[in-house]
Amino acid sequence: MLPDFATSKPPSVAIERRDGNLYYYRSVRDGEKVRKVYVGAGEFARIFAEGDILRRTGRKAQREREKAELERLEALAAPVEELSEAAEVLVRAHLVDAGYHRRKGEYRRVRSA
Amino acid sequence: MSGVLELSEEARERMAELRGLSEKAEAGDRNARKRLRRLVRSSSPEVIAEASDIARRAEWMLVKTISAREPLMEEALQERMHQMRAEIAGENPTPLEVLLTERVVAGWLLVEVLEGLVSAQYQRDVKAHRVPPGHVMQQSRILESATRRYLAAIRELARVRKLQAGMPVRVNTLNVLAG
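The residue numbers shown here count from 1 along each chain, following its written sequence. To read the labels, note that chains go from A and ligands from 1, taken in the order they are written. Predicted model: local features are reported for residues with pLDDT of at least 70 only, side-chain atom pairs are reported and counted for 80 or more only, and whole-chain, interface and lining totals are derived from all residues.

Visitor: Describe in detail the overall build of chain A, supporting the description with residues and values.
Guide: Each helix is a run of DSSP H or I of at least 4 residues and each strand a run of E of at least 2, with the numbering of both proceeding from the N terminus. A count of helices and strands for chain A gives one helix and five strands. Across chain A, helices and strands are ordered from the amino to the carboxyl terminus as β-β-β-α-β-β. Counted over contacts in chain A with a minimum sequence separation of 6, partners at least 24 positions apart contribute 23%. Placing a C-beta atom from the backbone of each residue, one calls two residues in contact when those atoms lie within 7 Å.

Next comes the structure, spelled out in structure tokens:
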């Protein structure tokens, strides 16, 4: 029986040539073990192998697109984070200088200041 | 991240110094309080100016992203932000208020951009493929963080105004910076 090819993780593929014929196997992980599953021979082997390679390449490209997208979002957020950090330090310095101190997240006036 | 969107090494050093002195002064170190006072007067206007400049540059980058370089959209966004700044900062804002206003405006724009990009991606890909849950989580984390910072920026500005209103000394301190 053929393994489920629609699974999210593509199986490893191998084409073997024996006695002038092509045989195509997929390596499928079954718990701790890796099983070699026969898929097809001859022209079918070539078609299945190419199909798997295309799917694998497509998934890799998709992962790269997603990674680039996340990097883009992070790059957009980074300057605003830098600005926020600077503002927090400056506000605190001004408030402490003006005689306030933080208590349970709130600024209160220091009587002696 | 581009170099123009980062604080200079000098500004970072001053910020680290301000942070350290604030902590010590809050803990009751009188010497640190005196040094903090000097540093607030001598260095913080420059750091504020530099941070405000970064805010403007970051906003410009976000405007370019959200408008996809459409001139009309760029114009409209610039005008919207100009109005927001004027409304939020009010009349005669101190440099610190200007910085906090820029932070609010940049935060708002960032949340808008992120929401737009994330939702557009789902619309585009709805038939093509299913976005993996891990990717959705990462996007949500970035958006959530931006939203949290935006709300914190609003709270901080409100807090500074509230404290200024009840404390003439503080207003004077900030007015020194304005001069």
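So, next bit.
Visitor: I'd like to hear about the overall build of chain B, residue by residue, with values.
Guide: Assigned secondary structure in chain B consists of seven helices and zero strands. Mapped in sequence order, the helices and strands of chain B form the string α-α-α-α-α-α-α. Here exposure depends only on C-beta density: within 10 Å of a residue's C-beta, 20 or more other C-beta atoms make it buried, 12 or fewer make it exposed, and intermediate numbers make it partly exposed, the C-beta atoms being placed from the backbone. The burial tally for chain B puts 30% of its 179 residues in the buried class.

Visitor: Tell me about the interface of chain A and chain B, residues and numbers included.
Guide: Residue-level contacts link 33 residues of chain A with 51 residues of chain B. No other element matches helix 1 (residues 43-97) of chain A, which puts 27 residues into the side of chain A that touches chain B. Ten residues, namely Ala, Val, Leu, Ile, Met, Phe, Trp, Tyr, Cys and Pro, are considered nonpolar, four, namely Asp, Glu, Lys and Arg, are considered charged, and the remaining ones, Gly among them, are considered polar. Its residues assigned to classes, the side of chain A that touches chain B shows 20 nonpolar, five polar and eight charged.

Visitor: If you had to explain the confidence of the model for chain A to someone new, which residues and values would you point to?
Guide: In this model, chain A carries a mean pLDDT of 80, and residues with pLDDT of at least 70 account for 86%. Within a predicted model, pLDDT stands for the predictor's per-residue confidence, ranging from 0 to 100. Below pLDDT 50 for its whole length, residues 1-8 of chain A participates in five contacts with residues either more than four positions away or in separate chains.

Visitor: An account of the nonpolar core is requested, with residue identities and associated values reported.
Guide: We define the nonpolar core as any set of buried residues of the types Ala, Val, Leu, Ile, Met, Phe, Trp, Tyr and Cys, connected via C-beta atoms lying within 7 Å of each other. Ranked by internal contacts, the top residues of the largest apolar core, which has 51 residues, are L83(A), A86(A), L90(A), A51(B) and L110(B). At the level of secondary structure, the elements contributing two or more residues to this core comprise helix 1 of chain A together with helix 1 (9-26), helix 2 (30-42), helix 3 (44-67), helix 4 (71-89), helix 5 (95-125) and helix 6 (133-165) of chain B. A total of 13 residues in this core trace back to one element, the largest contributor, which is helix 1 of chain A. Setting aside anything within four residues of it in sequence, one finds A86(A) in contact with L7(B), M15(B), V47(B) and A51(B). Of all hydrophobic cores here, the second largest spans five residues; its members include Y24(A), V39(A), A45(A) and F48(A).

Visitor: Please set out the packing of helix 1 of chain A against helix 3 of chain B residue by residue, giving values where relevant.
Guide: Axis definition: a line fitted to C-alpha atoms, over the contacting stretch in the case of helices. Angles run 0 to 180 degrees between N-to-C directions. Orientation of helix 1 of chain A relative to helix 3 of chain B, taken along the N-to-C sense of each, is 155°, at an axis distance of 9 Å. Between helix 1 of chain A and helix 3 of chain B, the interaxial angle falls into the category roughly antiparallel. For the element pair helix 1 of chain A and helix 3 of chain B, the recorded crossing hand is left-handed. From helix 1 of chain A, L76(A), P79(A), V80(A), E82(A), L83(A), A86(A), A87(A), L90(A) and A93(A) reach across to helix 3 of chain B, where they touch S44(B), V47(B), I48(B), A51(B), I54(B), A55(B), A58(B), L62(B) and T65(B). Looking at side-chain class alone, the contact of helix 1 of chain A with helix 3 of chain B contains 15 nonpolar, two polar and one charged residues. When an angle is under 35 degrees it counts as roughly parallel; over 145 it counts as roughly antiparallel; between 65 and 115 it counts as roughly perpendicular; any other value is oblique. Crossings are classed by handedness, with left-handed meaning an anticlockwise turn of the near helix from the far one by less than a right angle and right-handed meaning a clockwise turn.

Visitor: Can you lay out the pairing of strand 3 (residues 33-41) of chain A for me, pointing to particular residues and giving the numbers?
Guide: All names here are of chain A. At least two bridges found by DSSP between two strands is the condition for calling them paired. Summarising the sheet, strand 2 (residues 21-30) and strand 3 pair through eight bridges and their orientation is antiparallel. If you follow D30 over to strand 3, its bridge partner there is K33. Counting the residues that bridge the hairpin from strand 2 to strand 3 gives two residues, and of these G31 lies at a positive phi of roughly 70°.

Visitor: Which residues make up the environment of Y23(A), and what are the values?
Guide: All names here are of chain A. Turning to its location among the elements, Y23 is positioned in strand 2. For Y23, a count of 17 C-beta atoms within 10 Å translates into the label partly exposed. As for Y23 and Q62, which are separated by 39 residues in sequence, their C-alpha atoms are 29 Å apart. Setting aside chain neighbours within four positions, we find Y23 in contact with E16, R18, A41 and A45.

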